[in-house]
Amino acid sequence: MREISLDRLRTLVVIADCASFAQAARQLNLAPPTISLHVAELEARIGAPLLTRTRGQVRPTAIGATLLARARRLLADADQALDEVRRQVEGLTGRVRLGASTGAIAHLLPQALETLRVDHPGIDVQVQVLTSQASLARLREGTLDIGLVALPQVAGKGLRITPWRRDPIMAYVPVDWQPPARVTPAWLASRALILNDSTTQLSRVTSEWFAAAGLYPEPRIELNYNDAIKSLVAAGYGATLLPQEGEVRQPQARIAQRPLRPGLWRQLGIACREGEVERATGHVLEALGRLRQ
């Protein structure tokens, strides 16, 4: 069964508005026989007359009036859909799906979102809490547009990863432990630890830091939620190693933040699919780029 063409419906609406085949042909820039053909095709599809001609006036039949009411709504919806798509193509609106760790979401992403809110208010960023591996997997599946991932990572076919930030990893210690000015692996390994679990890049980096000193401490608990970890540190439950992520003040009065000796860094990259990206995604990438270190 043939579907009804929007072009045929538009012809019917213009004829009804003009009450004339000839005027409709001029308004649509079509030949009069084409206008007549459009109506004939609609009437054949419906199986009933849609227009009547009386004393030089063209008027819809009862069936034609029913179809006209629906046609006006369909055409308005189609025009609105095209306008929304056009605005998205131009980068005025759009939805961008972004994956990141809780730390990046809490301490880094808000700055980029504030820039977007001012410069591109029509862009909706949907943020998901994901590990680096999960972000890369979603990018390959096409269900994510941008991933903030811990480096190093293997991008794989169809993806590209651009270095973004290099943030120092710091020791967060209960203040009553009276930590030294710089925390060493030996000092920290002898105390209760709260660390990220082994699935994270941060866990691998910190394990290598301890291993370089010949130490392999067992954490008291493993968590991947940085704010929860800091709450436990503040309660005196243990110490942790976390990226500074732009913080410049002591996180809490009951937590001492100390640099490490030797120093340790967490590197982040921006992952996305290769090739040209949608303009909305490009605007988000530009906002993130302003936070590059």
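Residues numbered from 1 in each chain as written. Predicted model: local features only at pLDDT ≥ 70, side-chain atom pairs only at ≥ 80, totals over all residues. Heavy atoms only, no water.

To continue, consider the UniProt feature "domain: HTH lysR-type" (unreviewed entry) in the protein. When the UniProt feature table is mapped onto this chain numbering, "domain: HTH lysR-type" (unreviewed entry) sits at residues 4–61. For the annotated span residues 4–61, helix accounts for 62% and strand for 14% of the residues, and the straight-line distance between the end C-alpha atoms is 18 Å. (UniProt positions renumbered as here; feature names shortened; annotations may be inferred. Helix = DSSP H or I, 4+ residues; strand = E, 2+ residues; numbered from the N terminus.)

With that settled, consider the UniProt feature "coiled-coil region" (unreviewed entry) in the protein. Following the UniProt record, the feature "coiled-coil region" (unreviewed entry) maps to residues 68–95 here. Measuring from the first to the last C-alpha atom of residues 68–95 gives 34 Å, for a span that is 79% helix and 7% strand.

So, about the packing of helix α1 (residues 6–18) against helix α2 (residues 21–28). Closest axis-to-axis distance for the α1/α2 pair is 8 Å, and the angle between their directions is 125 degrees. For the element pair α1 / α2, the angle class is oblique. By crossing handedness, the relation of α1 to α2 is classed as right-handed. Contacts between α1 and α2 pair T11, V14, I15 and C18 from the former with F21, Q23, A24, Q27 and L28 from the latter. Class assignment for the residues of the contact of α1 with α2 results in six nonpolar, three polar and no charged. (Axes fitted to C-alpha atoms, helices over the stretch in contact; angles between N-to-C directions. Parallel < 35°, antiparallel > 145°, perpendicular 65-115°, else oblique. Left-handed = near helix turned anticlockwise from the far one by under 90°. Contact = heavy atoms within 4.5 Å. Nonpolar A, V, L, I, M, F, W, Y, C, P; charged D, E, K, R; others polar.)

Counting along an α-helix, one turn takes 3.6 residues, and residues three or four places apart therefore face a common direction. Residues of helix α6 (residues 109–119) that are buried include every one of L109, A112 and L116, and no others. Seen along its axis, α6 keeps its buried residues to an arc of 65 degrees; they face one direction. Across α6 from its buried face, at more than 90 degrees, point the exposed residues R117 and V118. In the core, the buried residues of α6 are packed alongside β3 (94–100), α5 (102–107), β4 (123–129) and α11 (279–289). (Buried < 20%, exposed > 50% of the residue type's maximum accessible area, 1.4 Å probe, protein only. Arc of directions from axis to C-beta.)

I169, L188, W209, L241 and L260 are the most contacted members of the largest nonpolar core, which has 24 residues in total. For this core, the elements supplying multiple residues, two or more each, are β6 (159–174), α8 (185–189), β7 (194–195), α9 (201–211), α10 (226–234) and β9 (240–243). Sorting elements by how many residues they give to this core places β6 first, with five residues. In this structure L260 touches I169, M170, A171, R182, V183, W209 and L241, once residues within four positions along its chain are discounted. Counting residues in each nonpolar core, the second largest holds 23 residues, with A100, A104, L109 and A150 among its members. (Core = buried A, V, L, I, M, F, W, Y, C linked by side-chain atoms within 4.5 Å.)

Looking now at the environment of P49. Structurally, the position occupied by P49 is in the loop between α3 (32–46) and β1 (51–54). Given the relative accessible area of 53%, P49 is considered exposed. Measuring from C-alpha to C-alpha, the distance between P49 and P60 comes to 8.7 Å, with 11 residues separating the pair along the chain. Sequence-distant contacts of P49, defined by excluding residues within four places in its chain, comprise E43, T61 and I63.

Our next topic: the side chain of S20. Looking at the element boundaries, S20 is found in the loop between α1 and α2. Residue S20 is classed as buried on the basis of its relative accessible area, which comes to 16%. If near-sequence neighbours (up to four positions away) are discounted, S20 is found in contact with I15 and V58.

What follows is about the pairing of β6. Pairing geometry for β6 and strand β11 (residues 265–273), over nine bridges, is antiparallel. Along β11, the bridge assignment pairs D167 with R266. Relative to β9, β6 runs antiparallel, the two being bridged by four bridges. Residue pairing in the sheet places A171 in a bridge with L241 of β9. In the sheet, β6 pairs with strand β10 (residues 255–258) via four bridges, with the strands oriented antiparallel. In the strand pairing of β10, Y172 is matched with Q257. (Pairing = 2+ DSSP bridges.)

Here we come to the side chain of H38. Counting through the fold element by element, H38 comes out in helix α3. Within polar-contact distance, the side chain of H38 engages the side chain of R8 at 3.4 Å. Other than its neighbours up to four places away in sequence, H38 contacts D7, R8, T11 and L30. (Polar contact = N/O pair within 3.5 Å; in protein donor to acceptor, adjacent residues only side chain to side chain.)

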